[in-house]
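Listed here are the chains, written in short residue letters.
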Amino acid sequence: MTEYRIPFNRPPVLGGELQAIEQALAQGHLSGDGAFSRECHELLKQVTAAKKVLLTTSCTHALEMSALLLNIQPGDEVILPSYGFVSTVNAFVLRGAKPVFVDIRPDTLNIDEELVAKAITERTRAIVPIHYAGVACNMDRLMKLGHTHGVPIVEDNAHGLFGRYKGSPLGSFGSLATLSFHETKNITCGEGGALLINDESLMERAEIIREKGTNRSRFFRGEVDKYSWVDVGSSYLPSEILAAYLAVQLRRSEDIQKRRKTIWQTYYAALQEWAVAHDVRLPVVPEECEQAFHMFYVLFPSEELRDRAIARMKAKSILSVFHYLPLHLSEMGLQFGGAPGQCKVTEDISRRLARLPLYYSLTDDDQADVCRAVQTCL
Ligand SMILES: *Cc1c(COP(=O)(O)O)cnc(C)c1O
């Protein structure tokens, strides 16, 4: 792998993580759901206002748990954006669901809520919006659609921890929501995630599915006198070693978010004039959204110019990267009936978008370098 002078991402290390891991070792409890996991659950409940939080081994696993909890069966339809991550769709396809890919809005690059309305059928069992770049989807409309048709919403909030929509935290809207603590996300423990549960009728079963299909969680709370196999399930708990790392990051999340906000705003201010002059579009954040400062992207006027810009930055040892390839045109997507022209905005945006380095330890000097490189990349 090439080493870049300014990489696209560096996972945040705040100091204190190793000490917390040592503390976990000293406590002698290394499997899941010890003191550090409980602390993470509490901290995440505070920021997301979710009714229940369960740490998982990844966001992918939180999505798999969601599909199990919603009893997704072969032939069920699940609506999601084509401009999205493979895990979002795979979690449901694993249960035999048919993905129904919907195009995105050209402004926020979030799932187009009016196309969702058109895609709903008798067989729709879930709608899975992604808050792209941590900017909220139109949750008023999506929640109303879900309510009208009796279809649960699962928010893939891998980008949007700390984001809000009309004042309410992302992750507090859907029956379920998922978070990622992969090293590319704002808050990390390397690999990790969380399931947020707002529908109370799903809470007990979520614990069971996460604990190998047993009622072990109830046993530990003293609610039953022995635990046994009561449902399907798997093992989705992260160890206390990871939870210790994560707890330190969550305690210091204000520092991380403050720095990311400054970097994001600096990019916006520095590139605004250049963008107007070169027919380049910068991110759009609607007034009702408080974004999570997860990503800074640039939309070039053409694929050719985007690729040239990435190459010219690479020549200066700065890594800027493209993002999602349309899921409906992937090898798997084609097997589900995907065809060119089906999601035109997705196909277009995917070819023109580049993301700039944005991480906690990015220095002012390095960022100024990136800005200069962008301004001369066309
Ligand atoms: C990162 C990401 C995921 C998967 O997260 P993992 O924790 O790596 O499984 C899912 N959805 C979206 C939108 C993501 O960006």
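Per chain, the residues get numbers from 1 upward, laid out in the order the sequence is written. Selection of residues for local features in this predicted model requires a pLDDT of at least 70, selection of side-chain atom pairs for listing and counting requires 80 or more, and totals for whole chains, interfaces and linings are taken over all residues. Only hydrogens and water are removed before side-chain values are computed, so all heavy atoms of the structure are retained for them.

Trainee: Looking at this model, I keep getting lost on the site of the ligand. Mind explaining?
Mentor: Close contacts around the ligand come from 14 residues, with T60, D156, H159, S180 and K185 the closest. Contacts described as polar in this section are N or O atom pairs within 3.5 Å, which, within protein, must combine one atom able to donate a hydrogen with one able to accept it, while residues neighboring in sequence count only if both atoms come from side chains. At a separation of 2.7 Å, an oxygen atom of the ligand approaches a polar side-chain atom of S180. Measuring from an oxygen atom of the ligand, one finds a side-chain N or O atom of Y324 at 3.4 Å. Taken by itself the ligand offers 380 Å² of open surface, and the protein chains cover 93% of this. One heavy atom suffices: a residue is near a molecule or strand as soon as one of its heavy atoms comes within 4 Å of it. Areas reported here follow the Shrake-Rupley algorithm with a probe of radius 1.4 Å; residue values treat only the protein chains shown as occluding.

Trainee: Looking at this model, I keep getting lost on the sheet that holds strand β6 (residues 164-165). Mind explaining?
Mentor: We treat two strands as partners when DSSP finds at least two bridges between them. Each helix corresponds to a stretch of at least 4 residues labelled H or I by DSSP, and each strand to a stretch of at least 2 residues labelled E; elements are numbered beginning at the N terminus. Read from one edge to the other, the open sheet built from three strands follows the order β7-β6-β10, with strand pairing classed as antiparallel. Across the chains shown, the open sheet's two edge strands, defined by having one partner strand only, are β7 (168-169) and β10 (289-290). Note: β6 against β7, two bridges, orientation antiparallel. Within β7, the position partnered with R164 by the bridge is P169.

Trainee: Before we go on, may I ask you to explain the sheet that holds strand β5 (residues 154-156) in this structure?
Mentor: What holds strands together in a sheet is hydrogen bonding between their backbones, with the strands either parallel or antiparallel. Strand order in the open sheet made by the four strands is β1-β9-β8-β5, with mixed pairing throughout. Two strands bound the open sheet, and with one partner strand each, they are β1 (52-56) and β5. The mean angle between the axes of side-by-side strands here comes to 20°, regardless of whether they run parallel or antiparallel. Relative to strand β8 (residues 176-180), β5 is paired through three bridges, and the arrangement is parallel. Looking at β8, one finds that E155 is bridged to A177. Each axis is a line fitted through C-alpha atoms, and for a helix only the stretch in contact is used; angles between axes span 0 to 180 degrees, taken between their N-to-C directions.

Trainee: Before we go on, may I ask you to explain empty space enclosed by the protein in this structure?
Mentor: A probe as big as a water molecule, rolled over the atoms, marks out the empty space that is left. Points on a 1 Å grid over protein atoms alone make up a cavity when a 1.4 Å probe fits among them but cannot get out, and a pocket when they form an open set with protein on both sides within 12 Å along at least five of seven lines; lining residues each have an atom within 4 Å of a point. Grid points are joined across faces, edges and corners, and a volume is the space filled by probe spheres set on the points. In total, this model carries three cavities of 30 Å³ or more according to the counting rule given. If you go around the largest cavity, the residues you meet are N157, A158, H159, G160, L161, L179, S180, F181, K185, N186, I187 and H294. In the scheme used here, Gly and all other residues not listed as nonpolar or charged are polar, with Ala, Val, Leu, Ile, Met, Phe, Trp, Tyr, Cys and Pro taken as nonpolar and Asp, Glu, Lys and Arg as charged. Broken down by class, the residue content of the lining of the largest cavity amounts to five nonpolar, six polar and one charged. If you add up the space inside the second largest cavity, you get close to 50 Å³. Lining of the second largest cavity is provided by T108, A133, V135, W264, P283, V284, Q291, M295 and Y297. Residue composition of the lining of the second largest cavity, by class: seven nonpolar, two polar and no charged. Split by domain, the residues of the lining of the second largest cavity number at least three in each of domain 1 (17-251) and domain 2 (253-375). For every domain, the bounds stem from an assignment made automatically or drawn from a database.

Trainee: Explain helix α13 (residues 344-352) to me, please; I cannot follow it from the model alone.
Mentor: For an α-helix, the turn length of 3.6 residues means that residues three or four places apart are oriented alike. We call a residue buried when its accessible area falls under 20% of the maximum for its residue type, exposed when it is over 50%, and partly exposed in between, using a 1.4 Å probe and counting protein chains only. Within the span of α13, buried status applies to T346, E347, I349, S350 and R352. Whether two residues touch is decided by their heavy atoms; if any such pair falls within 4.5 Å, the residues are in contact. Where α13 is buried, its residues contact β11 (297-299), α11 (303-315) and β12 (353-355).

Trainee: So what exactly am I meant to see when it comes to the environment of R205 here?
Mentor: Following the sequence through the fold, R205 ends up in helix α7 (residues 203-210). Of the residues examined, R205 reaches a relative accessible area of 21% and is grouped as partly exposed. Placed 26 residues apart in sequence, R205 and D231 show a C-alpha to C-alpha distance of 8.3 Å. Sequence-distant contacts of R205, defined by excluding residues within four places in its chain, comprise L68, L69, N71, D231 and V232.

Trainee: Looking at this structure, how should I read the domain arrangement of the chain?
Mentor: Where the parts come together, the accessible area they lose is often given as the size of the interface. Split by domain assignment, the chain resolves into domain 1 (17-251) and domain 2 (253-375). For domain 1 versus domain 2, the distance between C-alpha centres works out to 25 Å. Buried surface at the junction of domain 1 and domain 2, summed over both partners, amounts to about 3100 Å²; 63% is from carbon and sulfur atoms. In short, buried area is how much 1.4 Å probe accessible area vanishes from two parts on joining, totalled over both. Summed over the three residues of domain 1 that lose the most area to domain 2, namely Y83, F101 and N186, the buried surface amounts to 20% of that side. We count a salt bridge whenever a side-chain nitrogen from Lys or Arg sits within 4 Å of a carboxyl oxygen from Asp or Glu. Here domain 1 and domain 2 share zero salt bridges between them. There are 18 residue pairs in polar contact (both at pLDDT 80 or more) connecting domain 1 and domain 2. When contributions to the side of domain 1 that touches domain 2 are tallied by element, the ones reaching two or more residues are α4 (86-93), β3 (98-102), β6 and α9 (240-251). Looking at the side of domain 1 that touches domain 2, the element that brings in the most residues is β3, giving four residues. Grouping the constituent residues of the side of domain 1 that touches domain 2 by class yields 22 nonpolar, eleven polar and eight charged.

Trainee: Teacher, can you tell me more about unusual backbone geometry here?
Mentor: Most peptide bonds adopt trans geometry, and most residues besides glycine take a negative phi value. Phi at L109 takes a positive value of approximately 65°, unusual for a residue other than glycine. Position of L109 relative to the elements: it lies in the loop between β3 and α5 (113-119). A positive phi angle is found at A133, which is not glycine, with a value near 60°. Counting through the fold element by element, A133 comes out in the loop between β4 (124-127) and α6 (139-149).

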